Amino acid sequence: MTASSQELHFADAGEAADLAAFLARLIHYDRAAAVRLQAGGGVLAVFGRPPSFEVLAIRTARLDAIVGTEATSSVSSVSGTSGTSAGAAGGPGALDTTVSAGEFADALDTARAGRTVDGPSQSHDRGLVVTVPQAVTGPPWAGVLPPRGGWRRVSGLPGVDEVRGAVAAAVAEFRARDTALPEERRTRAERDRIGREIWTRTLGDTGLPLRAVHAAQSLGFLRPVRAAAPAATAQGAGGGVATAAPDAMAEPLALLAAGGWLRLRTPYGSIAVRTSGLSGLPVTPA
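Because the structure is predicted, anything quoted here is derived from the model rather than measured.

**Notes on the nonpolar core**
Part 1 of the argument: Ranked by internal contacts, the top residues of the largest apolar core, which has 62 residues, are Phe 10, Leu 44 and Phe 104.
Part 2 of the argument: Counting residues in each nonpolar core, the second largest holds 12 residues, with Ala 142, Leu 145, Leu 256 and Trp 261 among its members.

**Examining helix H4 (residues 188-199)**
Part 1 of the argument: For H4, built from 12 residues, the straight-helix expectation of 16 Å at 1.5 Å per residue is met to within 8% by its first-to-last C-alpha distance of 16 Å.
Part 2 of the argument: Listing the buried residues of H4 in full gives Glu 190, Asp 192, Ile 194, Gly 195, Ile 198 and Trp 199.
Part 3 of the argument: The secondary structure elements touched by the buried residues of H4 are helix H3 (160-180) and helix H5 (210-218).

**A few points about unusual backbone geometry**
Part 1 of the argument: Of note in the backbone geometry, Glu 54 takes a positive phi value of approximately 55° without being a glycine.
Part 2 of the argument: Mapped onto the secondary structure, Glu 54 falls in the loop between strand S3 (43-48) and strand S4 (56-68).

**Overview of the pairing of strand S1 (residues 6-10)**
Part 1 of the argument: Burial analysis of S1 places 4 of its 5 residues in the buried class, the great majority of the element.
Part 2 of the argument: Sheet topology places S1 next to S4; 5 bridges connect them, and they run antiparallel. Bridge pairing in S4 places Leu 8 opposite Ile 66.
Part 3 of the argument: Bridge count between S1 and strand S8 (residues 128-131): 4 bridges; the pairing is antiparallel. From the neighbouring strand, His 9 faces S8, where its bridge partner is Val 129.

**Thoughts on the packing of H3 against H5**
Part 1 of the argument: Running from N to C, H3 and H5 point in directions that differ by 105°, and their axes come no closer than 9 Å. Taken as axis vectors, H3 and H5 run roughly perpendicular relative to one another. Taken together, the residues of H5 that come into contact with H3 (itself represented by Val 163, Arg 164, Ala 166, Val 167, Ala 170 and Val 171) are Leu 210, Val 213, His 214 and Gln 217.
Part 2 of the argument: A breakdown of the residues in the contact of H3 with H5 according to their chemical character gives 7 nonpolar, 2 polar and 1 charged.

**A short note on the packing of H3 against H4**
Part 1 of the argument: Two elements in contact, H3 and H4, have axes separated by 10 Å at closest approach and are oriented at 155°. Taken together, the axis directions place H3 and H4 in an arrangement best described as roughly antiparallel. Two packed elements cross with a definite hand, and for H3 against H4 that hand is right-handed. Contacts from Val 167, Ala 170, Val 171, Glu 173, Phe 174, Arg 177 and Asp 178 of H3 reach H4 at Arg 191, Arg 193, Ile 194, Gly 195, Glu 197, Ile 198 and Trp 199.

Definitions and limits used
Residues numbered from 1 in each chain as written. Predicted model: local features only at pLDDT ≥ 70, side-chain atom pairs only at ≥ 80, totals over all residues. Heavy atoms only, no water. Core = buried A, V, L, I, M, F, W, Y, C linked by side-chain atoms within 4.5 Å. Buried < 20%, exposed > 50% of the residue type's maximum accessible area, 1.4 Å probe, protein only. Helix = DSSP H or I, 4+ residues; strand = E, 2+ residues; numbered from the N terminus. Expected span 1.5 Å × (residues − 1). Contact = heavy atoms within 4.5 Å. Pairing = 2+ DSSP bridges. Axes fitted to C-alpha atoms, helices over the stretch in contact; angles between N-to-C directions. Parallel < 35°, antiparallel > 145°, perpendicular 65-115°, else oblique. Nonpolar A, V, L, I, M, F, W, Y, C, P; charged D, E, K, R; others polar. Left-handed = near helix turned anticlockwise from the far one by under 90°.

Rendered as structure tokens:
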């Protein structure tokens, strides 16, 4: 049987561009990075794991439809796009696959370039159509995602300026301690030890490791919210995703907990970290 492929019909090309930037940051940390894609409720959730931080990073974008490009493929659609229907887009199992981050980024770039070439005649269409790359064998982390639901709010999270300040102070401390090392002790093992000591500290009384906040900063999740921000991450994180209009004045950051996980939610994405069975941070900060 001919292998089917699928097209993602993004509701907003700007959100697709933000997703491409997120993938570029993941590839910066790991050229062979893979991402797990899950769609539900008209939203695509993209899960990645930047190795320098030992966390899961989650980015979402709204979808109009998921369309199969082969007669044998399953299709989910909310906009009446042609194809073999398998129920409403965003229904359970609409899309769940692991792909190369680089190939997905290339597919996004190709679609964006083609849209530009199409010119003004396509200006009425805010969305973008992107072909999903072929699946790859997923890394071990891709099989252990945060729970779909049951998230509860955790109190005590500082404001966004204080969170950024905590990251800046930790980075400055690492650099100062690294510089102070005598030449004979300036080894990878010693630098890893310093990094592990700093980044396993928690943010205030929240229990959230500083490495999770550093990851949010490095992936662009803590940047100021622009006037027309992307669809925010109200993720249930394991596929139970939902869109929520970001509101910088109401809630730029939130900390949630479920099971053995903590999740820092921002208007641009989420950082999820396991609070049990954690391994040490083996890589020094970028």
